[in-house]
Amino acid sequence: MTAVASTRRWAGMAPWIAAIVVVMIVGGAVAWRAGRQQDSVLREEFLARVGLVARTLNAQHVGALTGSKADLDRPEYLRLKEQFAKVRGVYPTCRCVYLVGQRPDGKVFFHVDSEPAGSREESPAGQAYEEAPEACRRVLSTGRGEVAGGRNLLGGRKAIRI
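Residues numbered from 1 in each chain as written. Predicted model: local features only at pLDDT ≥ 70, side-chain atom pairs only at ≥ 80, totals over all residues. Heavy atoms only, no water.

Trainee: What exactly am I supposed to notice about the overall build of the protein chain here?
Mentor: The helix and strand tally for the protein chain stands at four helices and four strands. Helices and strands in the protein chain line up, N terminus first, as α-α-α-β-β-α-β-β. Here the protein chain, with 162 residues, has 25% of them falling under the buried criterion. Roughly 11,200 Å² of accessible area belongs to the protein chain as shown, and the carbon and sulfur atoms make up 58% of that amount. (Helix = DSSP H or I, 4+ residues; strand = E, 2+ residues; numbered from the N terminus. Buried < 20%, exposed > 50% of the residue type's maximum accessible area, 1.4 Å probe, protein only. Areas by Shrake-Rupley, 256 points an atom, 1.4 Å probe, with all protein chains shown as cover.)

Printed below as a string of structure tokens:
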């Protein structure tokens, strides 16, 4: 085969190669957009679930918490802890359910969480939440719900005004 014949052969295939490249680019763009839309829908659903849980909380129980170790024996704290454990049972993919607050100096702390009392993972009442994500701080300051995180770890946050 001569160089001229080889060039003609590739020249005849150029439209097909161009078509395949265009299909791949368009297909990739469509798949990316569909993924983004699905991500958005899942985040909205997740935030709606967080909102449902927030609406089940007894405002008097939450309002009775002081954000200190003194809460550990309060019936309101124990009731919320039990409720959070049940929520975690309903959503088995949920690693932890917790209620946080913010002190006047801006520090974030735990009111109550879903971990069993005394467990290594428990964040007892009043414990500082030093590694509180920026999204958590934004929700506490703005009062607007937010979902943050990636595919394997999502955090949904809703503000509760007492």
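Trainee: Even after reading the chapter, I still don't get the pattern of salt bridges, so can you show me in this structure?
Mentor: Two side chains of opposite charge can pair, provided their charged atoms sit close to one another. Taken as a whole and assessed by the stated rule, the structure comprises seven salt bridges. Residue Asp113 pairs with Lys81 through a salt bridge whose shortest N-O separation is 2.7 Å. Of this pair, Asp113 sits in strand β2 (residues 108-113) while Lys81 sits in helix α3 (residues 75-90); the two residues are 32 residues apart in sequence, bridging distant segments of the chain. Residue Asp113 is classed as buried on the basis of its relative accessible area of 1%. Taking relative accessible area as the criterion, Lys81 reaches 8% and is therefore assigned buried. The closest approach of N and O atoms between Lys81 and Glu122, which form a salt bridge, is 3.3 Å. A residue pair is termed long-range when its members are at least 10 positions apart, and Lys81 in helix α3 and Glu122 in the loop between β2 and α4 (134-142) qualify at 41 residues. The buried category is assigned to Glu122, whose relative accessible area is 15%. Residues joined in a network through salt bridges with shared partners are Arg79, Glu82 and Lys86. (Salt bridge = Lys/Arg side-chain N within 4 Å of Asp/Glu carboxyl O.)

Trainee: Honestly, the environment of Leu72 in this entry has me stumped. Any pointers?
Mentor: Mapped onto the fold, Leu72 is located in the loop between α2 (59-64) and α3. In the structure, Leu72 is positioned 45 residues away from Ala117 in sequence and 9.4 Å away in space, judged by C-alpha atoms. Excluding residues within four positions of it along the chain, Leu72 makes contact with Tyr77, Leu78, Pro124 and Ala125. (Contact = heavy atoms within 4.5 Å.)

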